[in-house]
Structure formats: structure tokens, C-alpha cells
Amino acid sequence: MEVTRFAPSPNGPLHLGHAWSAIVAHDLARKRGGRFLLRIEDIDGARSQPQLADEFRRDLAWLGLEWDEVPAQSTRLAAYEAAADSLRSRGLLYPCTCTRAEIGGPVYRGTCRGRTDAPRDAAWRLDVERALAMSGPLEWTDEIAGVQRADPGFAGDPVLVRKDAPASYHLAATLDDAADGVTLVTRGRDLFSATHVHRLLQALLGLPVPRWHHHLLLVESDGRKLAKRRGSGAAGFGLAQRRLAGEDGRALADSLRAHRFPSGISLGEGLD
Ligand code: GLU
Ligand code: ZN
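Criteria and thresholds
Residues numbered from 1 in each chain as written. Chains lettered and ligands numbered in written order. Predicted model: local features only at pLDDT ≥ 70, side-chain atom pairs only at ≥ 80, totals over all residues. Heavy atoms only, no water. Helix = DSSP H or I, 4+ residues; strand = E, 2+ residues; numbered from the N terminus. Polar contact = N/O pair within 3.5 Å; in protein donor to acceptor, adjacent residues only side chain to side chain. Contact = heavy atoms within 4.5 Å. Donors = N, O, S within 2.8 Å, 3.2 Å for Na, K, Ca; no water. Tetrahedral: all angles 85-135°; square planar, octahedral: opposite > 155°, others 65-115°. Buried < 20%, exposed > 50% of the residue type's maximum accessible area, 1.4 Å probe, protein only. Near = heavy atom within 4 Å. Areas by Shrake-Rupley, 256 points an atom, 1.4 Å probe, with all protein chains shown as cover. Nonpolar A, V, L, I, M, F, W, Y, C, P; charged D, E, K, R; others polar. Phe/Tyr/Trp six-rings, centres within 6.5 Å; stacked < 30°, edge-to-face > 60°. Expected span 1.5 Å × (residues − 1). Right-handed = clockwise from strand over helix to strand, strands pointing away.

The next thing to look at is the side chain of threonine 186. For threonine 186, the position within the fold is in strand β9 (residues 184–188). Here the side chain of threonine 186 touches arginine 5 through a polar contact of 2.9 Å, landing on its backbone oxygen. Not counting the four nearest positions on each side in its chain, threonine 186 is found in contact with Thr4, Arg5, Ala25, Leu28 and His213.

This paragraph deals with the coordination of the zinc ion (ligand 2). Bound to the zinc ion (ligand 2) are the protein donor atoms Cys96 (SG), Cys98 (SG), Tyr108 (OH) and Cys112 (SG), situated 2.1 to 2.4 Å from the metal. Coordination at the zinc ion (ligand 2) comes from four donor atoms whose angles at the metal span 100 to 121°, giving a geometry best classed as tetrahedral. Considered as a linear motif, the donors of the zinc ion (ligand 2) on their single chain read C-x1-C-x9-Y-x3-C. Here cysteine 98, found in the loop between β4 (93–96) and α4 (100–103), pairs with cysteine 112, found in the loop between α4 and β5 (123–126); they are 14 residues apart in sequence, far enough to count as distant. For cysteine 98, a relative accessible area of 14% gives the class buried. Exposure remark for cysteine 112: the relative accessible area of 6% places this residue in the buried category.

Moving on: the site of ligand 1. Around ligand 1 lies a shell formed by Arg5, Ala7, Pro8, Ser9, Glu41, Tyr169, Arg187 and Leu191. A distance of 2.7 Å separates an oxygen atom of ligand 1 from a polar side-chain atom of tyrosine 169. One of the side-chain N or O atoms of arginine 187 is found 2.9 Å from an oxygen atom in ligand 1. Protein contacts shield 77% of the accessible area of ligand 1, which totals 300 Å² for the unbound molecule. Of the residues contributing to the shell around ligand 1, the split by class is four nonpolar, one polar and three charged.

Attention now goes to the packing of aromatic side chains. Per the counting criterion, the structure on display carries three aromatic pairs. Consider the rings of tryptophan 20 and phenylalanine 261, whose centres lie 5.9 Å apart with planes at 85°: the pair is edge-to-face. With tryptophan 20 in helix α1 (residues 16–31) and phenylalanine 261 in the loop between α9 (249–257) and β12 (266–268), the pair connects residues that are 241 residues apart, well separated along the chain. Judged by relative accessible area, tryptophan 20 falls into the buried class, the value being 8%. Plain terms: the ring middles of tryptophan 140 and tryptophan 212 are 5.4 Å apart, the flat faces sit at 70° to each other, and that makes the pair edge-to-face. Of this pair, tryptophan 140 sits in strand β6 (residues 139–142) while tryptophan 212 sits in strand β10 (residues 211–215), placing them 72 residues apart in sequence. We classify tryptophan 140 as buried; its relative accessible area is 1%.

We now examine helix α2 (residues 51–62). Taking 1.5 Å per residue as the helical rise, α2 with its 12 residues ought to reach 16 Å, and the 17 Å between its terminal C-alpha atoms agrees with that figure. Residues of α2 that are buried sit in contact with β1 (3–6), α1, β2 (35–38), α8 (239–244) and α9. Just downstream of α2, glycine 64 is the residue with a positive phi angle, here 90°.

The buried fraction of β10 is high, at four of five residues. In this fold, the crossover linking β9 to β10 by way of helix α7 (residues 194–205) has right-handed handedness.

Structure, rendered in C-alpha cells:
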């Protein structure tokens with residue numbers, strides 16, 4: 001049975017881009033007689049606002065969606081720790097204490113690779129080259145883009161355990177999708193490259209390999225995606241705001257399904 005999911009982080013209000021993502025995942029599950037899951041990704045300690053999860057549920061119900069909710073990430077920390085321990089015991093993780101300024105850009109150049117100490121306030125990175133030597137070449141399939149050769153080192157060795165949390169997004173989401181029985185990982189194109197890392201983690205941790213559906217994003221007239229950090233949830237694009245103003249959420253969902261977007265919004269790749 002097909003199982004899709006919507007996995008929002010409660011670090012800001014949902015906007016139309018989230019509605020689009022949830023509707024895509026929901027409708028794919030319904031069309032295939034499958035299940036649509038909601039998972040709250042709330043381990044981003046500093047920025048997580050627990051009360052937002054209730055707002056999210058109200059937003060999704062207002063859009064006319066129905067879902068099965070699975071446990072939030074904050075209840076799964078032991079599983080993340082166990083997976084990290086398993087990778088660490090195979091020599092696949094190394095501690096990194098580099099600051100953002102020291103790294104100085106989007107690509108981590110492996111400065112700490114080979115470290116064997118265990119400083120208290122370190123992040124732990126995956127040694128991608130070593131991991132790939134163990135796993136061999138890997139492929140994964142996006143329903144839209146087709147078969148991909150995994151390239152998990154595209155941004156250098158990724159962080160799997162954060163300084164301030166027992167798992168990074170990569171490790172937590174990969175473990176959760178497996179634990180939740182997700183067969184089709186539905187999310188935006190902005191996370192396409194993250195999937196290379198997730199595919200490698202599945203191989204290392206012996207997890208089932210789902211398929212992916214990376215959908216186009218709602219973009220503003222400058223071609224940039226709607227984003228919480230740009231205030232898209234607080235501008236006229238916020239779901240809670242529109243709901244509280246009395247808009248018909250089901251009608252909004254149907255307009256999005258018909259690709260009738262509010263003025264200034266269209267579908268695109270979502271430039272950064
Ligand atoms: N929690 C992530 C976000 O809100 C989504 C992760 C995913 O769909 O894999 O951007
Ligand atoms: Zn480092």
C-alpha cells in the first residue's frame with residue numbers, strides 16, 4: 001500500500017507552499033488507495049514552538065485533508081542515538097567543531113575528517129567516501145525525474161548528529177520514514193539533493209528504500225520559493241491568517257489543485 005507523508009517543522013506558521021505540499025502528498029495517497037501521514041519534525045530545539053503543531057492540524061483540517069498522525073520526532077530520540085552509535089562504531093562518523101565562519105560556505109571541505117577524539121560540543125559528520133566504499137554505488141528513483149545515481153558528497157560530509165540535538169534532519173527524517181512505513185517520500189524540489197544523503201543512510205542502516213516524489217514549489221514573482229524565513233507565513237500567504245479571516249479552506253485547496261494560484265504566485269523550481 002502506498003504511504004505518503006507531510007512532515008512540517010513547527011518553527012513558523014505554514015504558508016501556501018506547505019498547503020501545496022500537503023495536498024500533493026494527500027492526493028497521491030488517496031488516488032492510490034493508500035495512507036497519508038502527518039509527522040511533526042520538532043527536534044530543532046532552539047526554533048521549535050510546540051503550540052504551532054496544533055495550528056498546523058487546524059490548517060490541514062481547514063483545507064479538507066484527512067491524515068493519520070505518527071509520533072513527533074521529539075519522542076524518537078533513542079532511535080536516533082542508537083543509529084548514530086551504530087555508525088560511529090563502524091568508524092563512519094567523526095566529530096567536527098568547526099564554526100560556521102570557519103567552514104565559510106555551503107560546502108564542508110572535510111577539515112576534521114579522521115579525528116578520533118570525542119569533544120563534548122561536537123557535531124558528528126558522516127565520512128561519505130568511507131561510507132560509499134562500504135555501500136558501493138547507489139541509485140534511487142524519483143517518480144518525476146527518474147532514476148538518480150546517488151551523489152551524497154555534493155556538499156561535503158553531512159552532519160548527522162548536531163551539537164544541540166541527537167540527530168540532524170538527514171538522520172531523523174530517514175529513520176522516521178522507514179519506521180513509519182513511508183513508500184513514497186513526498187516533498188519539495190528544494191530537498192532533492194538531500195535525498196542523495198538519505199539513500200546512503202538507508203544502505204548503511206539496512207533500511208527499506210522508498211521511492212520519492214519531489215514536487216515543484218510555489219514561487220513568488222522573483223522566482224524564489226515561499227519561505228518561512230522570508231515571512232511568507234506572515235504575509236498574505238499564511239494559512240492560519242487566511243483561515244482566521246474566514247476564507248473557505250476547501251475552496252482554496254481546490255484552486256491549488258487546479259493550478260489557480262493567487263496573483264504573483266506560480267509553480268517553479270524555487271531558486272534560493
Ligand atoms: N521538516 C522539513 C521542513 O519543514 C521537511 C522534511 C521532509 O519533508 O523531508 O522543511
Ligand atoms: Zn570540522
